[in-house]
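Report on the structure
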Amino acid sequence: MAKQANGSQQNEKPLEWWQLSLIGVGCIIGTGYFLGSGLGIKMTGPSMIFGFIVAAIGTYVVFDALSKMYAKDPQKGSFRSYAKKAFGRWAGFSSGWVYWFSELLIMGSQLTALSIFTKFWFPHLPLWVFASIYAVLGIIVVLTGTKGFERMENVFAVVKIAAIFMFIILAGAGLFGMLDVGKEVFRTPKQMNDYFPAGFKGLWSALIFAFYAFGGIEIMGIMSVRLRNKKDAAKAGKIMIILLTTIYLISIGLAVTMVPWQDFNAKESPFVIAMGNYKLGFFPHVFNGALIIAGFSTMSASLFAVTSMLVTLAEDGDAPKLFAKQGKLKVPMYAMFLTVAGLVTSIVLALVMPDTIYEYITTAAGLMLLYNWLFVLVSVQRLIKLTLWDQLKRFIGMVFILLAVSGTLFQDSIRPGFLVSIGFVIFIGIVSLMIHFFAKKKGGSSRTKPVFEKLVLKEK
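Here's a quick rundown of the structure. Please read these numbers as outputs of a predicted model, since none were measured by experiment.

Rules behind the numbers
Residues numbered from 1 in each chain as written. Predicted model: local features only at pLDDT ≥ 70, side-chain atom pairs only at ≥ 80, totals over all residues. Heavy atoms only, no water. Helix = DSSP H or I, 4+ residues; strand = E, 2+ residues; numbered from the N terminus. Expected span 1.5 Å × (residues − 1). Buried < 20%, exposed > 50% of the residue type's maximum accessible area, 1.4 Å probe, protein only. Axes fitted to C-alpha atoms, helices over the stretch in contact; angles between N-to-C directions. Parallel < 35°, antiparallel > 145°, perpendicular 65-115°, else oblique. Left-handed = near helix turned anticlockwise from the far one by under 90°. 1 Å grid on protein atoms, 1.4 Å probe; cavity = no way out; pocket = protein on both sides within 12 Å on 5 of 7 lines; lining within 4 Å. Points joined across faces, edges and corners; volume = space filled by probe spheres on them. Nonpolar A, V, L, I, M, F, W, Y, C, P; charged D, E, K, R; others polar. Contact = heavy atoms within 4.5 Å. Phe/Tyr/Trp six-rings, centres within 6.5 Å; stacked < 30°, edge-to-face > 60°. Salt bridge = Lys/Arg side-chain N within 4 Å of Asp/Glu carboxyl O.

With that settled, the discussion passes to helix H17 (residues 388–407). Under the 1.5 Å per step criterion, the end-to-end length of H17 is 28 Å for 20 residues, consistent within 8% with the ideal 28 Å. For H17, the set of buried residues is Asp390, Lys393, Arg394, Gly397, Phe400, Ile401, Ala404, Val405 and Gly407.

See the structure below:
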């Protein structure tokens, strides 16, 4: 799911606004959509379409706030830098570490999704076997990181978009009776109860998976620094969200009319399930292969993200300096070791609870992202003079995000993910308070010096 820019960006070619829009679409579409959307459909049925509309509005509001802050004061650190400017170093510290943990969880979610996709061909092998293989391959990509990695990511992005368009074209052909099975496959909801078979509560619980499919806009904020015209950030974001929402609504709309909503699950992509009634022997294999290629690209990007974010935190004094040190391979080895530890944890979890891990990790990862989005909407009020309309949008965005967060409490299958995310936030909050307390005890404002640097000075 999200691609983190790593390394210096000043030597990279400037981007036009439309290039940033396309990169955003390619980077955001990931396994959370290809697999996680099926979980949302199973919870709420065809009303998942409305969930994606709510998520699209919330996503737009967050990016709009981010782009306004960027237009006034371009910052390489994007959302993390703005949180720091708005509330002090504790906020930058907390925002950065919440993002780091969210990317770590996203990486675990993608690793699990890749294993589930591969299990389509090897149903008798446990998830941890595939998770181990993909983890090793991802580590190799990071260790050998070449200049062509970004080009590979762009190719993989095309594969993801092509896979969705392949589904839309084939489903459309079925709609017009051009495939072996005709129009009777489609079941168009006729009454309100058909759209909301699980009621409003079901839609409420499924919102987190709709928002998770949009996860990655914060990376758009980070990459905005490469725009040729900095004022084009808002335009790039709007076009990206329109394209993404259109693709999502058409593909999900077709999927929920092709098979009963109860048939969707967390073990197969909803699009493979939707095409199951047609006699297309090639489709499941070709589509599944495309999903694995696309999923591996986002997992590798997440590996870069958690590693490079840890390096950035260390360079800013918000993590031990040790994590910024590079080894002989010109790779931050200590940061890499911590990333590998996160991968190993994901593999162990896949071994211990293979039937529930995807729901848990995906929910926790999505919630951690939303916590940072709330940070963005809170920060913008302190940094930008907002109009009445801006305030209304901000309020609507916060309400939608809080609905998605609270909805996870109503489903037994995803409630543990909420508890995991809260556990991470409490842990980060305790560490932040301890650092703030020690820094204040030493003297000086916590808004000025790097927090870990203060601890080192105190020890000396």
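Having put the structure on the table, let's press on.
The next subject is the packing of helix H6 (residues 89–119) against helix H14 (residues 282–315). One way to put it is that H6 packs onto H14 with a least axis distance of 9 Å and a crossing angle of 160°. With respect to each other, H6 and H14 are oriented roughly antiparallel. The chirality of how H6 crosses H14 is left-handed.

A water-sized probe, rolled over the atoms, reveals where empty space remains. Inspection of every chain in the model, using the stated rule, returns five cavities of 30 Å³ or more. In this structure, the largest cavity spans a volume of roughly 60 Å³. Lining the largest cavity are Val61, Asp64, Ala65, Lys68, Leu377, Val380, Leu386, Asp390, Lys393 and Arg394. Per-element tally for the lining of the largest cavity: the top contributor is helix H4 (residues 48–72), with four residues. Residue classes in the lining of the largest cavity are distributed as five nonpolar, no polar and five charged.

To continue, consider the environment of Val159. Relative to the helices and strands, Val159 is located in helix H8 (residues 149–175). C-alpha separation for the pair Val159 and Gly289, spaced 130 residues apart in sequence, amounts to 9.9 Å.

A separate point is H14. The periodicity of an α-helix, 3.6 residues per turn, causes residues three or four places apart in sequence to face the same way. Helix length check: H14 (34 residues) gives 49 Å between terminal C-alpha atoms against 50 Å at 1.5 Å per residue, within 8%. When you tally the buried positions in H14, you get 27 out of 34 residues, the bulk of the element. Backbone geometry just downstream of H14 places Gly317 in the positive-phi region, at approximately 80°.

Considering the arrangement of structural elements, one finds Ser379 in helix H16 (residues 357–383). For Ser379, a relative accessible area of 1% translates into the label buried. If near-sequence neighbours (up to four positions away) are discounted, Ser379 is found in contact with Met69, Tyr82, Ala83, Ala86 and Phe87.

Attention now moves to the packing of aromatic side chains. Each aromatic ring pair is described using two quantities: the centre-to-centre distance and the angle formed by the ring planes. Considering all chains together, one arrives at 27 aromatic pairs under this definition. Here the aromatic rings of Tyr33 and Phe52 are separated by 6.1 Å at their centres, their planes lie at 85°, and the arrangement is edge-to-face. Residue Tyr33 is located in helix H2 (residues 31–34), and its partner Phe52 is located in helix H4; the two are separated by 19 residues in the primary sequence. Each member of the pair, Tyr33 as well as Phe52, is classed as buried.

Here the focus is the packing of H6 against helix H7 (residues 127–143). For the pair H6 and H7, interaxial distance at closest approach is 8 Å and the crossing angle is 120°. Our classification of the angle between H6 and H7 gives oblique. Relative to H7, H6 is oriented so that their crossing is right-handed. For the pair H6 and H7, the contacting residues are Leu111, Thr112, Leu114, Ser115, Ile116, Thr118 and Lys119 in the first and Leu127, Phe130, Ala131, Tyr134 and Ala135 in the second. Here the contact of H6 with H7 is composed, by residue class, of eight nonpolar, three polar and one charged.

Under the defined criterion, the tally for this structure stands at eight salt bridges. The shortest N-O distance in the salt bridge between Asp64 and Lys68 comes to 3.0 Å. With Asp64 and Lys68 both in helix H4 and four residues apart, the pair spans about one turn of that helix. For Lys85, the salt bridge identified is with Asp73, shortest N-O distance 2.4 Å. With Lys85 in helix H5 (residues 79–87) and Asp73 in the loop between H4 and H5, the pair connects residues that are 12 residues apart, well separated along the chain. Overall, Lys85 belongs to the partly exposed group, its relative accessible area being 43%.

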